[in-house]
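Each chain, letter by letter, is given below.
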Amino acid sequence: MGSPFKDHQSHSPSYTHSFIKKILPYFIYVILPIAVIRLYLYSPTLPQSPTLHNHLPQPSTVHHLPHSTTPISITTTTPSSSSSSKHEQEQKKTEAKETQCDYTDGDWLPDKMGPLYNGTTCGTIKKGQNCITHGRPDLGYLYWRWKPKQCHLPRFEPNTFLNLLRNKHIAFVGDSMARNQLESLLCMLATASHPKLVYTDGEENKFRRWNFASHNVNVSVYWSPFLVRGVEKSKTGPDHNQLYLDQVDERWAADMGKMDMVVLSVGHWFLHPAVYFEGASALGCHFCPGLNHTEIGFYDVLRKAIKTTLKTITERRGSSGNGINVIVTTFSPAHFEGEWDKAGACPKTKPYNKGEKNLEGMDADMRQVEVEEVEAAKVEELDVTYLSLMRPDGHPGPYMNPFPFADGVKERVQNDCVHWCLPGAIDTWNEIMLEIIKKWNRAAANSPAKQFTLACRNHRQPRRSPLTDPPPLLSLICSPKFRDRHTLRNPTPPISAFFLSTSPDPSPLPSIRSWSSDEPRFFREKKKKLRRKTQQLL
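Below: a short report on this structure. Note that the structure is predicted; figures quoted are calculated from it, not measured. (Residues numbered from 1 in each chain as written. Predicted model: local features only at pLDDT ≥ 70, side-chain atom pairs only at ≥ 80, totals over all residues. Heavy atoms only, no water.)

What to know about unusual backbone geometry
In this structure, P423 follows L422 across a cis peptide bond, with omega equal to -5°. Tracing the backbone shows P423 in the loop between α9 (385–389) and α10 (427–445). At L227, a residue that is not glycine, the phi angle is positive and equals roughly 70°. When you line up the elements, L227 lands in the loop between β8 (217–223) and β9 (228–231). Take L227: its relative accessible area is 2%, and that puts it in the buried class. (Helix = DSSP H or I, 4+ residues; strand = E, 2+ residues; numbered from the N terminus. Buried < 20%, exposed > 50% of the residue type's maximum accessible area, 1.4 Å probe, protein only.)

Below is the structure:
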């Protein structure tokens with residue numbers, strides 16, 4: 001008797017073969033791609049070495065093979081977003097470098113290249129700082145360069161500076177240290193473009209302005225040793241200064257609306273005898289024997305003066321709509337080692353070695369006051385106190401006057417151990433300032449306002465495909481009529497939300513999504529209402 005399964009068994013191999021032929025294409029074309037995509041997008045966590053796990057950081061995208069010390073990076077971005085991801089990573093690296101870069105921590109290293117200019121090629125150096133033409137015999141002070149520990153400080157690029165400040169006005173406001181820094185900058189820029197003196201008030205050249213016609217850059221200096229209103233001591237008046245700490249000095253503040261960038265530098269004049277006022281009341285004085293005032297020192301006075309100045313700049317900047325970039329140069333130490341009118345008052349001929357000189361005492365306290373007020377006002381500081389402290393060789397000393405020892409060493413000779421020879425160490429201040437301006441420029445290039453401007457600029461260019469045409473709303477916002485009458489706040493392309501500021505009561509308009517053909521009816525209706533309201537405003 002035959003088996004009931006004989007026929008089935010005889011055909012089982014071919015049946016199995018047929019079944020596999022039917023299933024295999026589905027597996028190859030469906031299951032396998034799904035598995036690959038699943039593995040690509042959701043990569044499994046590989047086993048880690050216990051030793052490495054305890055000692056190495058474990059970011060979510062980095063895994064370690066067993067018994068391996070080499071991290072394997074598994075990227076989870078899709079090919080379409082790889083370019084934007086690389087851009088974001090590069091931007092993060094740039095930001096990290098900026099935050100890590102501390103220009104205050106470094107060393108003075110020998111430099112064979114020397115300065116960009118000399119005492120004969122620059123015609124704007126004040127005579128008292130022109131050490132080369134005044135016969136200073138040692139020129140070693142010219143061949144040192146500040147090297148920050150955590151970053152690279154590039155050499156000054158005059159064309160870069162002029163390009164960044166094209167059609168702008170930078171003003172140096174303060175005491176003679178502000179003027180010293182200004183004259184350094186003029187000499188460095190003069191290696192690329194000739195400065196023309198276009199204004200002077202005739203009062204000991206305390207208020208002057210130069211123009212670099214090649215880039216239409218204006219550079220000014222305003223004498224204001226206290227930043228606030230003050231009456232300086234004189235031979236015909238009181239033998240002490242009078243400061244009004246609640247009023248900014250209008251001799252420079254009146255021109256604030258014409259400034260794009262202001263560099264503030266004060267400190268040394270606060271050490272002089274003075275009486276301080278706030279409103280009509282006398283607060284006290286510093287070193288005023290014989291006067292019926294309380295001795296209050298000068299640290300709090302310096303703080304009040306800087307606070308009043310930065311507050312006034314903020315208020316006027318906000319009311320006028322004129323953006324002013326502010327830099328505060330910190331206190332620059334003097335290096336007197338003896339009496340100011342005797343030979344050898346500042347005799348050093350090279351920088352201090354690391355650890356040979358510490359920032360302490362009055363120098364540290366003056367800097368601390370300035371740094372605290374700058375950080376409170378959220379403006380930029382040019383912290384040069386420590387790097388300047390390490391350069392006792394950079395002052396004119398007796399060479400503030402021409403050839404002081406031509407007739408031999410005299411018993412009495414004037415020394416300047418406060419200001420800086422030009423060229424010299426103070427040129428480094430402007431190198432760091434240029435890096436600050438570069439940082440501002442990078443931030444502005446990535447700002448929403450800049451992106452919106454670029455979006456409107458691209459919108460005005462001819463389009464090749466209807467699919468890339470901008471929405472009618474973007475055309476409306478980019479129109480000159482709209483820009484003239486309204487102020488956009490925080491616009492970002494594609495526009496996700498924007499506000500129209502109308503005088504006197506700014507009112508927000510509803511937020512909108514980017515334009516698309518398949519958006520829900522709800523958003524289409526909102527856009528129609530938004531267009532009608534915008535056209536009514538126009």
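Some remarks on empty space enclosed by the protein
Here the structure, examined in full by the defined rule, presents three cavities of 30 Å³ or more. Lining the largest cavity, in full, are G174, D175, R179, E204, N205, K206, V221, Y222 and W223. Broken down by element, the residue count for the lining of the largest cavity peaks at three residues, all from β8. Grouping the amino acids of the lining of the largest cavity by side-chain chemistry returns three nonpolar, two polar and four charged. There is about 40 Å³ of room inside the second largest cavity. As for the second largest cavity, its lining consists of D175, M177, S265, V266, G267, H268, T329, T330, F331, S332 and W429. (1 Å grid on protein atoms, 1.4 Å probe; cavity = no way out; pocket = protein on both sides within 12 Å on 5 of 7 lines; lining within 4 Å. Points joined across faces, edges and corners; volume = space filled by probe spheres on them. Nonpolar A, V, L, I, M, F, W, Y, C, P; charged D, E, K, R; others polar.)

Some points on the state of the cysteines
Counting across every chain of the model gives five disulfides. The partner cysteine of C122 in its disulfide is C187, sulfur to sulfur 1.9 Å. With the S-S bond torsion at -80°, the cross-link from C122 to C187 turns out left-handed. Here C122 is found in the loop between β3 (106–110) and β4 (144–148), whereas its partner C187 is found in helix α5 (residues 176–189), with 65 residues between them in sequence. With respect to class, C122 is no different from C187; both count as buried. (Disulfide = S-S within 2.5 Å.)

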